[in-house]
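Here's the letter readout for the chains.
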Amino acid sequence: MHPSRLTAAVAALALSASLATALAGTASAAPQAQPVPPGHGKSLALAAADSAAASGLDELRHGADEDLVRTSVTPWANGLYYAAYQRTYKGLPVHGGGDGVVLSDSSGKVRDVSGSAAPAIKVSTSAKVTAEKALATARGQLAAVESASAPELTVLLKGGKPVLAWHTLVVGTTATRLPSSLDTYVDARTGKVAQATDKVRHAEGRGYHNGNVTIDTAASSMTDTSRGAFKCGGQNGSAYTGSSPWGNGGANDLVTACVDIMYAAQRESDMLKEWFGYNGINGQGGMVPARAGLTQVNAYYDGTKTTYGRNQNGTNQLTGIDVVAHEYGHEIFDRTPGSAGSSNENGGMNESTGDIFGALTEHYADNPNDTPDYTVGEELNFTGNNQPIRNMYNPSLINNDPNCYPQLSSGTEVHAAAGPQNHWFYLLAEGSNPGGGKPSSPICSGGPSSVTGIGIQKAGKIFMGALLMKTSSWNHPAARRATLTTAKNTYGATECNAVKAAWNAIGVPAQSGETDCGGTSTPDFSLSLNPSSGNAQPDTQVTATVNTSTTGGAAQTVQLSASGAPSGVTVSFSPASVTSGSSSTMTVKVAAGTPNGTYPITVTGTGSATHTVTYQLTVGSTTPPTGCDSTEYTYQGTLASGQAAAQPDGSYYYSASAGTHVGCLRGPAGTDFDLYLQKWNGAAWADVAVGGTAGADEDTNYYGTAGYYRYVVHAYSGSGAYTLGLSAP
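Notes on the structure in this doc start here. (Residues numbered from 1 in each chain as written. Predicted model: local features only at pLDDT ≥ 70, side-chain atom pairs only at ≥ 80, totals over all residues. Heavy atoms only, no water.)

### Describing the overall build of the protein
Right, on to step 1. Helix and strand content of the protein: nine helices and 36 strands.
Right, on to step 2. Over its C-alpha trace the protein gives a radius of gyration of 27 Å, about what one expects of a compact globule, namely 27 Å for 729 residues.
Right, on to step 3. Referenced to the eigenvectors of the C-alpha coordinate spread, the extents of the protein come out at roughly 80 × 55 × 55 Å.
Right, on to step 4. Long-range contacts, defined as pairs at least 24 residues apart, comprise 68% of the intrachain contacts of the protein with a sequence gap of at least 6.
Right, on to step 5. Only carbon and sulfur atoms are counted for the fraction: they give 49% of the accessible area of the protein, which is about 26,500 Å². (Helix = DSSP H or I, 4+ residues; strand = E, 2+ residues; numbered from the N terminus. Rg over C-alpha atoms; globule rule 2.2 N^0.38 Å. Contact = heavy atoms within 4.5 Å. Areas by Shrake-Rupley, 256 points an atom, 1.4 Å probe, with all protein chains shown as cover.)

### Regarding the packing of aromatic side chains
Right, on to step 1. Counted by the stated rule, this structure contains 17 aromatic pairs.
Right, on to step 2. With a centroid separation of 6.3 Å and an interplanar angle of 45 degrees, the aromatic rings of W424 and F463 are classed as tilted. Residue W424 is found in helix α6 (residues 419-430), and its partner F463 is found in helix α7 (residues 456-467); the two are separated by 39 residues along the sequence.
Right, on to step 3. Here W424 falls in the buried class, since its relative accessible area comes to 0%.
Right, on to step 4. Under the relative-accessibility criterion, F463 is labelled buried at 3%.
Right, on to step 5. Centre to centre, the rings of Y652 and W685 are 6.3 Å apart; their planes meet at 40 degrees, and the pair counts as tilted. (Phe/Tyr/Trp six-rings, centres within 6.5 Å; stacked < 30°, edge-to-face > 60°. Buried < 20%, exposed > 50% of the residue type's maximum accessible area, 1.4 Å probe, protein only.)

### Notes on the environment of G436
Right, on to step 1. Within the secondary structure, G436 is located in the loop between α6 and α7.
Right, on to step 2. Note on G436: relative accessible area 88%, which makes it exposed.
Right, on to step 3. Distance in space between the C-alpha atoms of G436 and G419 is 24 Å, their sequence separation being 17 residues.

### Overview of helix α9 (residues 493-505)
Right, on to step 1. When the terminal C-alpha atoms of α9 are compared, their 18 Å separation across 13 residues agrees well with the 18 Å that a helix rising 1.5 Å per residue should span.
Right, on to step 2. All of the buried residues in α9 are E495, C496, A498, V499, A501, A502, W503 and A505.
Right, on to step 3. Structurally, α9 contributes buried residues whose contacts are with α6, α7 and α8 (476-490).
Right, on to step 4. Just beyond α9, the residue with positive phi is G507, at close to 90 degrees. (Expected span 1.5 Å × (residues − 1).)

### Some thoughts on the packing of helix α5 (residues 344-365) against α6
Right, on to step 1. Axis separation between α5 and α6 bottoms out at 8 Å; the angle between their running directions is 35 degrees. Note on packing geometry: the crossing formed by α5 with α6 is right-handed. In contact with M349, S352, T353, D355, I356 and L360 of α5, α6 contributes Q421, N422 and F425.
Right, on to step 2. Grouping the constituent residues of the contact of α5 with α6 by class yields four nonpolar, four polar and one charged. (Axes fitted to C-alpha atoms, helices over the stretch in contact; angles between N-to-C directions. Left-handed = near helix turned anticlockwise from the far one by under 90°. Nonpolar A, V, L, I, M, F, W, Y, C, P; charged D, E, K, R; others polar.)

### Re the state of the cysteines
Right, on to step 1. Tallied over the entire structure, the rule returns four disulfides.
Right, on to step 2. Paired by a disulfide, C404 and C444 hold their sulfur atoms 1.9 Å apart. Judged by the torsion about the S-S bond (-95 degrees), the C404/C444 disulfide is left-handed. Taken together, the residues span a long stretch of sequence, with C404 in the loop between β18 (390-391) and α6 and C444 in the loop between α6 and α7 at a distance of 40 residues.
Right, on to step 3. The class of C404 is buried, set by a relative accessible area of 14%.
Right, on to step 4. Taking relative accessible area as the criterion, C444 reaches 7% and is therefore assigned buried.
Right, on to step 5. Through a disulfide, C496 is tied to C517; the S-S separation comes to 1.9 Å. On the sign convention where negative means left-handed, the S-S torsion of about -65 degrees between C496 and C517 marks this disulfide as left-handed. (Disulfide = S-S within 2.5 Å.)

### Comments concerning the sheet that holds strand β24 (residues 577-579)
Right, on to step 1. Pairing in this open sheet of five strands is mixed, and the strands run β20-β27-β26-β22-β24 from one edge to the other. Of all strands in the sheet, those with a lone pairing partner are β20 (533-536) and β24, marking the two edges. Within this sheet the neighbouring strands show an average axis-to-axis angle of 30 degrees, counted without direction.
Right, on to step 2. Taken together, the 10 bridges between strand β26 (residues 597-606) and strand β27 (residues 610-619) define a ladder with antiparallel strand orientation. Bridge pairing in β27 links T604 to T612. (Pairing = 2+ DSSP bridges.)

### Side note on the sheet that holds strand β34 (residues 697-704)
Right, on to step 1. On the basis of which strands lie adjacent, the open sheet formed by four strands has the order β28-β36-β31-β34 and antiparallel pairing. In this open sheet, the two edge strands, each paired with only one partner strand, are β28 (633-639) and β34. With direction set aside, neighbouring strand axes in the sheet form an average angle of 15 degrees.
Right, on to step 2. In this structure, strand β31 (residues 659-666) lies alongside β34, joined through eight bridges in antiparallel fashion. Each bridged residue has a counterpart across the sheet, and for G659 the counterpart in β34 is G704.

### Quick look at the pattern of salt bridges
Right, on to step 1. With the rule as written, the count across this model stands at 19 salt bridges.
Right, on to step 2. Notably, a salt bridge pairs D355 with R390, separated by 2.7 Å at the nearest N-O pair. Taken together, the residues D355 in helix α5 and R390 in strand β18 connect sequence positions 35 residues apart.
Right, on to step 3. Since its relative accessible area comes to 2%, D355 is described here as buried.
Right, on to step 4. Taking the relative accessible area as the measure of exposure, R390 reaches 4% and is therefore buried.
Right, on to step 5. Through salt bridges with shared partners, a single network forms among D216, D224, R227, R267 and D270. (Salt bridge = Lys/Arg side-chain N within 4 Å of Asp/Glu carboxyl O.)

The structure is reproduced here in structure tokens:
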């Protein structure tokens, strides 16, 4: 059995009650159909998202031997769901591009997609360098290593070219004793480091006390199991022990420093849940642990922990609310889709994210010892001049940091590069002339005459929602598109127009395909294919269903066309145009003499907008294998490497009584296909039997109680036609 496989393509089906993207098979009969299980709204949303991903809708286009695997789902307001997808190639995760996010709703409509463009991949997946040698190379980058993750074989897109690489995270210190957390890719062919990015995000902060506060800890240690594995202690990683009241209020007492850290981090976690409906710092209710007592003028996040030192003159620890929330803001950026990138612009937006969550947490906590504001480290006295280290309402007041997006360049230092997005957030939250004692904020050349704020809580929720659409190529134009989508779908036209005005005010121009903020819903539609791939011998034909849905405004006429078919292949649609919400049958005819191979065919829908999906045609496939004749029902389908499909016919069946469920899978010779029997537990599909040997054929036998069941067939490696037989009580 392959214990990690369910986290790949099969996990992409794990929450769907029905799967629109599964390949429909031919059944001699079907188990008894029953009403849809509970939680169907979420299932419809995820089925729509999975369909968009499998069909390669617009920016989600991917090539042969590639798949988009759902890695996370985040519920949002108004029945919306953000589903994030990672690209895979022949079952290996792809890093550096090709990832995407689908925003869909509980009626089964796709609201928007975002994707990181990447070229089609063609690379050998056979490693010449062992994982052990790659790990030794990665560890050799640091003078002292604290921890290193087990290497994972991946495909790295570097400069647009695929590199087979071992991926590991190495945490430790450099030769100059600086902390480092190197996200490392070692070329699996040459053994050399192909790419290494330091995840340590340094942030200057202010060391001061939050006063007498309430924090959540265990009775005898500074651990908080209600928020995952969160704890605070010294540099050895162990939580401080003792009892309440914790700390003595001393400026350099490290237990007191942990009180400040836990207070700020817990308030940030609470803010995310109460204001935004987001489940804590890492999206799963937890956060990385914290360490106090670093003997350096520094505070940082390295992907595994946050660490806090002292200020320049050693008079206090760097554990103020905005500093702690800034560091955990880096974890939010790291754990949302797309993770953290390596460009200066991406790094600046990462730093800005920390500043924004610092301001949000200060406003949520509303602690009298730290009046909420939009400056960073204002009480630190880091350089001895009693000035903050960054200013959000007018970034140029500190070190002449850029206020405007056009001022950025590839060489802008990452902390300075936080300026434009910080400026945008202040304008969105407070406006250009907020009054009430709040500072005015300048508008960049070419911007509107003024901007009216919508309040920090709404601004924060829009920003958080946009982070859930983040991809690996995140930049300011992408953030503009994502915040407009989130504002319109979460609130409406007023907030959407405020977001647009704030971006205009800092010089980020309008983007192609961005959300229309009009008071009425803009007419639009979405496309999907079922199935999204197929096999045909020369002188035969194969069909697929082109599904359309109305995603905005009234239903409209969608004209269908196809391009990219090879010589000898013709594509037709019946009907050739449909009203959005209807479907058409696509017929792909393969003439005699057509060369064997896999060919991507682009299907285009044209209406008020234009959308595309991709059909992967394989010519010269074998017929489905036999060997499951003794089972009660038989289904057949075709999968490309890395893909998965639910059966029967993309759905599920209901067993009214307890009994034995028999599954028989026969896959193409020389491949590795797996079989999962899943049962609906009231909220999700859970594995109850797995056939996961390293071969093409699998058999399962499970005795279970009455309930909803389905089988999932997963092409772990290799492609081709399969046969699934099943018997149910």
